[in-house]
Amino acid sequence: DHKPVGNATSSLFRDSPLNAAHSSTNLQQHRKQPCVSVAKEHALPQDLKKLLENKVVETLSGLPHVSVSIMKMALLGKNFPEENIVSQSVSSHSDLITGVYEGGLKIWECTFDLLAYFTKANVNFAGKKVLDLGCGSGLLGIIAFKGGAKEVHFQDYNSLVIDEVTLPNVVVNSPSGEDGMKEPAPKRVTGLKLAQELGQCRFFSGEWSEFCDLVLNSEKHFIKYDLILTSETIYNPDYYSSLHQTFHRLLDTNGRVLLASKAHYFGVGGGVHLFRKFVEERNVFETRALEIIDDGLQRIVVELTFKHPG
Ligand code: SAM
């Protein structure tokens, strides 16, 4: 099933604040004021049982994950207009009150394109250090983790997404989490064992350049990522510079980025052609289309590698 969860159309970012440009001045305001969301690392909560409290777990492409549509209703209020949620301050969560939401409360179509590509190309995660950038649900990083990645980092702009969606999803996909789901509720998820299993996963929220500063300063000798996975993150051209710098600063010289995107995002202006042009002009990375999905609006899986690997 290659459809997104929720009720997005394939051609528009109906769920994104950025698409609110169609009906309001939100995009303009947003584009004039680049994101400054400070980055932070999210520790695994002590009480992992609590993490799954009040969550409904569904399965998609064989992966259990918390229901984001139910979550969104609970977090953002029942009657918000889908196209305009950025201006809603119904949530008690601080980063949504400030009004910038980047779309992570939903699983976007291109995530499934990348998942399909992993299988088709037999992408090898074993022993790799992986970043799921703009992770939302975190399914890409979860597959890397299940595939034997040495370390997986998850980043999303919104801390609420990390706390309420990414972290619970990683937990339900861990070995204990999966076993725990079969047990009656009180027995679910044994904290210590799970924390050990997930020791190689780290979680971050915040804007990309802030995130880079945080991880690069978090260890004396930060080891760069072998693989950066990113889906539906190139819709806004105003973020290209920050995204390009993130790849440049965090990717190992022999590493690669696997990026999945729609060809074009109407109303916001970004898309694969524009992003590849941006990247090629900077002359740091080689870009290569790996997969073109031609049903309705074209979607593309693109690889980026350094022009001059180490
Ligand atoms: N990758 C997920 C998927 O395919 O379902 C979520 C895609 S969502 C449309 C875009 C994601 O990119 C958001 O979750 C947000 O966290 C991230 N993002 C977009 N712009 C960002 C920025 N300037 N800084 C940090 N994260 C950003």
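Everything quoted here is computed from the prediction, not taken from an experiment.

> Help me understand the side chain of Thr233, please; the structure alone is not making it clear to me.
Position of Thr233 among the secondary structure elements: in the loop between β7 (225-231) and α11 (240-250). When its relative accessible area of 4% is taken as the criterion, Thr233 is described as buried. Polar side-chain contacts of Thr233 include one of 2.7 Å to the side chain of Thr230.

> Please explain the environment of Phe247 as it appears in this structure.
Along the chain, Phe247 falls in helix α11. With relative accessibility at 0%, the residue Phe247 sits in the buried group. Each C-alpha atom of the pair Phe247 and Trp208 lies 9.9 Å from the other, and the pair is 39 residues apart in sequence.

> Explanation requested: unusual backbone geometry in the structure shown.
Negative phi is the rule for most residues except glycine; trans is the rule for most peptide bonds. Positive phi, close to 50°, is recorded for Ser61, a residue that is not glycine. Within the fold, Ser61 resides in the loop between β2 (57-60) and β3 (63-66). Of note, Asn122 is a non-glycine position whose phi angle comes to about 50°, a positive value. Note on placement: Asn122 falls in the loop between α5 (109-120) and β4 (129-133).

> Even after reading the chapter, I still don't get the site of the ligand, so can you show me in this structure?
Near the ligand there are 21 residues, and of these Thr111, Gly134, Asp156, Tyr157 and Ser231 occur at the shortest range. A distance of 2.7 Å separates an oxygen atom of the ligand from a polar side-chain atom of Thr111. In the environment of the ligand, an oxygen atom lies 2.7 Å from a nitrogen or oxygen atom belonging to the backbone of Tyr157. Contact with the protein chains removes 100% of the 580 Å² of surface that the ligand exposes when unbound. The pocket occupied by the ligand, as judged from atoms lying within 2 Å of grid points, is the largest cavity. Classifying every residue of the shell around the ligand gives 8 nonpolar, 8 polar and 5 charged.

> What am I meant to see in the packing of aromatic side chains here?
Two aromatic rings are characterised by how far apart their centres lie and by the angle between their planes. In this structure the tally under the stated criterion is 11 aromatic pairs. The interplanar angle of 65° and the centroid separation of 5.3 Å between the aromatic rings of Phe204 and Phe211 together place this pair among those described as edge-to-face. Considered together, Phe204 and Phe211 belong to a single accessibility category, that of buried residues. Each ring, one from Tyr240 and one from Phe275, has its centre 4.9 Å from the other, and the planes form 80°; the classification is edge-to-face. A residue pair is termed long-range when its members are at least 10 positions apart, and Tyr240 in helix α11 and Phe275 in helix α12 (residues 272-282) qualify at 35 residues. For Phe275, a relative accessible area of 2% translates into the label buried. An aromatic cluster is present here, built from Tyr240, Phe247, Phe275, Phe278, Phe285 and Phe306 joined pairwise through their rings. Lys106 extends its terminal NZ or CZ atom over the ring of Trp108, reaching a point 3.6 Å from the ring centre.

> How should the packing of helix α10 (residues 208-218) against α11 be read in this particular structure?
The description of two packed helices rests on the angle between their axes and on the distance between the axes. Taken N-terminus to C-terminus, the directions of α10 and α11 make an angle of 20°; their axes are 9 Å apart at the nearest point. Taken together, the axes of α10 and α11 are roughly parallel relative to one another. Crossing hand, α10 versus α11: left-handed. Two secondary-structure elements touch here, α10 through Trp208, Ser209, Phe211, Cys212, Asp213, Val215 and Leu216 and α11 through Ser242, Leu243, Thr246, Arg249 and Leu250. In terms of residue class, the contact of α10 with α11 is built from 7 nonpolar, 3 polar and 2 charged.

> What exactly am I supposed to notice about the environment of Glu53 here?
Structurally, the position occupied by Glu53 is in the loop between α2 (48-51) and β2. A sequence separation of 229 residues divides Glu53 from Arg282, and the C-alpha atoms of the two residues are 46 Å apart.

> It is not clear to me how empty space enclosed by the protein should be interpreted in this structure. Could you clarify?
Tallying each qualifying case throughout the model produces 3 cavities of 30 Å³ or more. Here the largest cavity defines a volume of roughly 350 Å³. At the level of elements, α6 (139-146) and β5 (151-156) are the ones that each hand at least two residues to the lining of the largest cavity. Here the residues of the lining of the largest cavity are counted per class, giving 10 nonpolar, 12 polar and 6 charged.

Reading the values: rules and limits
Per chain, residues are indexed from 1 in the order of the written sequence. Local features are withheld for residues below a pLDDT of 70 in this predicted model, meaning they are given only at 70 or higher, and side-chain atom pairs are given and counted only at 80 or more; totals for whole chains, interfaces and linings count all residues. Heavy atoms throughout the structure, all of them, feed into the side-chain values; hydrogens and water do not. Helix and strand assignments come from DSSP, with helices taken as H or I runs of at least 4 residues and strands as E runs of at least 2, each series counted from the N terminus. The cut-offs for exposure are 20% and 50% of the maximum accessible area for each residue type, with area from a 1.4 Å probe on protein chains only; residues under the lower value are buried, those over the upper are exposed, and the others partly exposed. Distance and chemistry together define a polar contact, namely a pair of N or O atoms within 3.5 Å, with one atom able to donate a hydrogen and the other to accept it when in protein, and with adjacent residues in sequence counting only for side-chain atoms on both sides. Note on terminology: near, applied to a residue and a molecule or strand, indicates that one of the residue's heavy atoms is within 4 Å of it. Computed with a 1.4 Å probe, the accessible areas rest on the Shrake-Rupley method; for each residue, only the protein chains presented here act as cover. Detection works on a 1 Å grid of protein atoms alone, calling trapped sets that fit a 1.4 Å probe cavities and calling open sets with protein on both sides within 12 Å along at least five of seven lines pockets, with lining residues defined by an atom within 4 Å of a point. A molecule is said to be in a cavity or pocket once over half of its atoms fall within 2 Å of that pocket's grid points. Each residue is assigned to one of three groups, with Ala, Val, Leu, Ile, Met, Phe, Trp, Tyr, Cys and Pro labelled nonpolar, Asp, Glu, Lys and Arg labelled charged, and all others, Gly among them, labelled polar. Paired rings are identified among Phe, Tyr and Trp, the last through its six-membered ring, by centres lying within 6.5 Å, and are further divided according to the angle between planes into stacked (under 30 degrees), edge-to-face (over 60) and tilted (the rest). Distance and angle both matter: a charge sits over a ring if NZ of Lys or CZ of Arg is within 6 Å of the ring centre and within 35 degrees of the ring normal. Axis geometry follows a simple rule: fit a line to the C-alpha atoms, using only the stretch in contact for helices, then measure angles between N-to-C directions, giving values from 0 to 180 degrees. By definition in this entry, angles of less than 35 degrees are roughly parallel, angles greater than 145 are roughly antiparallel, angles of 65 to 115 are roughly perpendicular, and the rest are oblique. Should the near helix be turned anticlockwise from the far one by less than a right angle, the crossing is left-handed, and should it be turned clockwise, the crossing is right-handed. Any pair of residues with heavy atoms lying within 4.5 Å of one another is described as a contacting pair. Grid points are joined across faces, edges and corners, and a volume is the space filled by probe spheres set on the points.

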